Amino acid sequence: MKTLYLMRHAKSDWAHAGLADRDRPLNERGRRDAPFMAQQLLAREINPLDLLVCSPAVRTLSTATLVAKELDYEPLKIQIEPTLYEADREAYLDVIGQLRPSLEEVLIVGHNNTITDVANFLSPQFVPELPTAGIVCLRFDTMSWKKLERDSAEFGFFDFPKNYDL
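Residues numbered from 1 in each chain as written. Predicted model: local features only at pLDDT ≥ 70, side-chain atom pairs only at ≥ 80, totals over all residues. Heavy atoms only, no water.

Colleague: How should I be thinking about the sheet that holds strand β3 (residues 79–80) in this particular structure?
Modeller: The strands that make up a sheet are held in pairs by hydrogen bonds between backbone atoms, and each pair lies either parallel or antiparallel. Taken in spatial order, the six strands make up an open sheet running β3-β2-β4-β1-β5-β6, and their pairing is mixed. On the outer flanks of this sheet lie β3 and β6 (153–159), each paired with one strand and no other. As judged from the six bridges shared by strand β1 (residues 2–8) and strand β5 (residues 135–140), these two strands associate in the antiparallel manner. In the strand pairing of β5, L4 is matched with L138. (Pairing = 2+ DSSP bridges. Helix = DSSP H or I, 4+ residues; strand = E, 2+ residues; numbered from the N terminus.)

Next up, the structure:
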């Protein structure tokens, strides 16, 4: 059994006009929402993760780091995957397919629209556009990350900060 969590990065800060897209930090809401969603994972008894993967953008790495701290996952163990920045669905699926078979629970922090596209490609249930800090959980009856298919998927949950009174 493999469990894949797909998370869109938390809300980013657009206040710095001259900043490159890749360098945009999280805004105040993003810094609040990322650890909050990690707490929701803990409330679902989702811990420990075997691996946390993110794109190299500041906003995804910041989201991943805040989540890792809440889950007592060593932030230095976060795998930064350069191909996830400005990637299409096939690039995400390639990263997932290359995961070690010994890993059972993996969280990927990425970008929209691709993260929603990947969720819908793999999910047996329609997933609306992932809002910032939104998480989709999918479980697969397989021993290999290379063999993830909608037919072997079980929809776990779709959760996001606006489901709660923050």
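Let us keep going from here.
Colleague: Sorry if this is basic, but what is going on with the side chain of N120 here?
Modeller: Take N120: it is sitting in helix α4 (residues 114–122). At a separation of 2.6 Å, a polar atom in the side chain of N120 contacts the main-chain amide nitrogen of V127. Those residues in contact with N120, other than ones at most four positions away along the chain, are Q125, F126, V127 and R150. (Polar contact = N/O pair within 3.5 Å; in protein donor to acceptor, adjacent residues only side chain to side chain. Contact = heavy atoms within 4.5 Å.)

Colleague: How do you make sense of the pattern of salt bridges when you look at a structure like this?
Modeller: Applying the stated criterion across every chain yields a total of nine salt bridges. The partner of D117 in a salt bridge is R89, with the nearest N and O atoms 3.4 Å apart. Within this pair, whereas D117 is found in helix α4, its partner R89 is found in helix α3 (residues 89–97), the two being separated by 28 residues in sequence. R89 gets classed as partly exposed once you look at its relative accessible area, which sits at 26%. Here R139 and E154 are joined by a salt bridge, their closest N and O atoms 3.9 Å apart. In this pair, R139 is assigned in strand β5 and E154 in strand β6, connecting sequence segments 15 residues apart. Within the structure, one salt-bridge network assembled from shared partners comprises D21, R24 and R59. (Salt bridge = Lys/Arg side-chain N within 4 Å of Asp/Glu carboxyl O. Buried < 20%, exposed > 50% of the residue type's maximum accessible area, 1.4 Å probe, protein only.)

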